[in-house]
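# Coordinate inspection notes
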Amino acid sequence: MRNAGARAFTTSAAALTAAVTFAATAQATTATTVVEKVPYAMDSSNQAAWWTPAATYKGNGEYTYFAFNEPGTTETTHRPAVARRAPDGTWSRLPLLKSDGTQAEFTDDNGHNQPSVARDGSGRLHVFTSMHCDTWRYFRSDAAGGSLTDHAGELPDQGAGITYPVLTTAPNGDLYLAARVGCAADQRPGKLYHWDNATATWSVVATFGSALNRAAYPDDLQVDAAGRVHLLYEWSKAPASAFRHQLSYLRYDPATGEFTNHAGAAVTVPTTPDTSDVLQGLTAGEEWSTDNTGYTGPAVQSAKLTLDGSTPKVAFRYRSADSAGDFRVYYAYPSGGGWARQTVYAGGQTAAAIGITWDGTEGKRVYYVTAAGADRVFAATEAGGAWTSSSVTPGLTADRLAVRRNADGQDVLYLPDTAHTSLYYARR
């Protein structure tokens, strides 16, 4: 089962039985949610807020791909892999393989060295992983179902330090990738890349954000039915900070090569904090600081994006001067010439994990994780301006999350429980 040279690993009958039992128990508690434990060991380092570790695909049934960190050979290392769920519910495992055929292994670095995954239109899986000012660590299969092998040499910007890779699949099967590129002390820009599925090549689209004494933090990106790329990102004081500011939005149209704000007005790239389309601006007492322990003022920390057609909708966490140190959960959407915001959850501290999807009936669904409690993962919906939250997985103490909407109109949740080194799949 642990032979790293094999192409994929199917779950054992015992593991499948355990997963089915867990799902049945969860369904009895929450009839609308199916929950399964992914039958592979997860490393405690499998935790981040910015990543895009889940992907789905509708072929002859629904496929799900979870990129995650497995335990390494020591307590301070991890080995990235992909867990693939087939339409019949069976799981298989795809390790990331180095050129010598052994599984890749990297040093733990919570909040940085986690994987992001996407599937292109030809069925190839793409995984970016374990980079904190490191050169590209990129693994790809050469065909649907193939082994995930090292293709780092095919990326632009060879030799540059890369951090925070997030990616998504366009309707035509191409991919878009956003990452922070560069490790200078005075500025760290954000770049947008494009995978052309027909030619199987990567290229640079543009540097989307760069400013002196500032660092860009990619949060999320989505592509609408017309092929336009919607990008969400934050800014911090350079070189880096756990507390960010000026949550921003940008749209790119590949057909014209133009960048615009949410209202369609042209935007010059690279943007700066002063020229960005800002969802959450600076508030009273907010400062640009690199002090990760002493700074207690207002700040943004984690945000995600979904689309209602071509209209962006955003969920994010923000600590304000009057929140008693808590990062509350907010929802933002275009309104008039600017952005309107609503408070989704202000009942206590939240973890650096958030998600949002758009449902044709319910509208927006905002997912968040509380910092404590018997139930940690919640989904919030809005009616008449009032937000209502409910536990997604009662009794499950997951402390991170990611969510993807699948082709069947279901939300697929990626739920790590780092205290118990377990990863869960949920569908609702």
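Refer to the structure above for everything that follows.
Residues numbered from 1 in each chain as written. Predicted model: local features only at pLDDT ≥ 70, side-chain atom pairs only at ≥ 80, totals over all residues. Heavy atoms only, no water.

## Considering the overall build of the protein
Check the secondary structure of the protein and you find one helix and 32 strands. Its C-alpha radius of gyration of 20 Å places the protein within 12% of the 22 Å reference for a compact globule of 428 residues. Along the three orthogonal principal directions, the C-alpha set of the protein runs to about 55 × 50 × 45 Å. Of all 428 residues assigned to the protein, the portion counted as buried reaches 58%. Carbon and sulfur atoms make up 48% of the accessible area of the protein, which amounts to about 15400 Å² in all. Side chains of the protein give 35 positive and 41 negative charges; the mean places of these two sets differ by 2 Å. (Helix = DSSP H or I, 4+ residues; strand = E, 2+ residues; numbered from the N terminus. Rg over C-alpha atoms; globule rule 2.2 N^0.38 Å. Buried < 20%, exposed > 50% of the residue type's maximum accessible area, 1.4 Å probe, protein only. Areas by Shrake-Rupley, 256 points an atom, 1.4 Å probe, with all protein chains shown as cover. Lys, Arg positive; Asp, Glu negative; His and termini not counted. Charge placed at Lys NZ, Arg CZ, Asp CG, Glu CD.)

## Quick word on the sheet that holds strand E16 (residues 201-209)
Spatially, the five strands line up as an open sheet ordered E10-E13-E14-E15-E16, and their pairing is antiparallel. Lying at the two open borders of the sheet, with one neighbouring strand each, are strand E10 (132-134) and E16. Pairwise comparison of adjacent strand axes, ignoring direction, gives a mean angle of 40° for this sheet. (Pairing = 2+ DSSP bridges. Axes fitted to C-alpha atoms, helices over the stretch in contact; angles between N-to-C directions.)

## Details of the pattern of salt bridges
Following the criterion strictly, the structure yields 18 salt bridges and no others. For Arg137, the salt bridge identified is with Asp134, shortest N-O distance 3.5 Å. Taking relative accessible area as the criterion, Arg137 reaches 23% and is therefore assigned partly exposed. Among the residues examined, Asp134 registers a relative accessible area of 22% and is labelled partly exposed. Between Asp308 and Lys313 there is a salt bridge whose closest N-O contact spans 3.7 Å. (Salt bridge = Lys/Arg side-chain N within 4 Å of Asp/Glu carboxyl O.)

## Side note on unusual backbone geometry
Geometrically, the link from Ala238 to Pro239 is a cis peptide bond, its omega value of 5° lying close to zero. As for its position among the elements, Pro239 is in the loop between strand E18 (229-237) and strand E19 (245-253). For Asn213, which is not glycine, the phi torsion reads 65° and is therefore positive. If you trace the backbone, Asn213 turns up in the loop between E16 and strand E17 (214-223).

## Regarding the state of the cysteines
Here a disulfide denotes a covalent bond joining the sulfur atom of one cysteine to the sulfur atom of another. Counting across every chain of the model gives one disulfide. In this model, Cys133 is linked to Cys183 through a disulfide, with the two sulfur atoms separated by 2.2 Å. Its S-S torsion of approximately -125° makes the covalent link between Cys133 and Cys183 left-handed. With a gap of 50 residues between them, Cys133 in strand E10 and Cys183 in the loop between strand E14 (175-181) and strand E15 (190-196) connect regions that are remote in the sequence. (Disulfide = S-S within 2.5 Å.)

## Details of the nonpolar core
Counting 39 residues, the largest nonpolar core has Val38, Phe66, Phe68, Tyr176, Leu221 and Tyr414 as the members making the most contacts within it. By residue number, the principal contributor to this core is E17, which donates five residues. Residues in contact with Phe68, not counting those within four places in the same chain, are Tyr40, Ala41, Met42, Asn46, Arg79, Pro80, Ala81, Val82, Ala83, Pro115, Tyr414 and Leu423. Ranked by size, the runner-up nonpolar core spans 17 residues in total, among them Phe128, Met131, Val181 and Trp195. (Core = buried A, V, L, I, M, F, W, Y, C linked by side-chain atoms within 4.5 Å. Contact = heavy atoms within 4.5 Å.)

## Some remarks on the side chain of Ser323
Checked against the element boundaries, Ser323 lands in the loop between strand E23 (311-319) and strand E24 (328-335). Within polar-contact distance, the side chain of Ser323 engages the backbone oxygen of Ser320 at 3.0 Å. (Polar contact = N/O pair within 3.5 Å; in protein donor to acceptor, adjacent residues only side chain to side chain.)

Just geometry here; none of it tells us what the structure is for.
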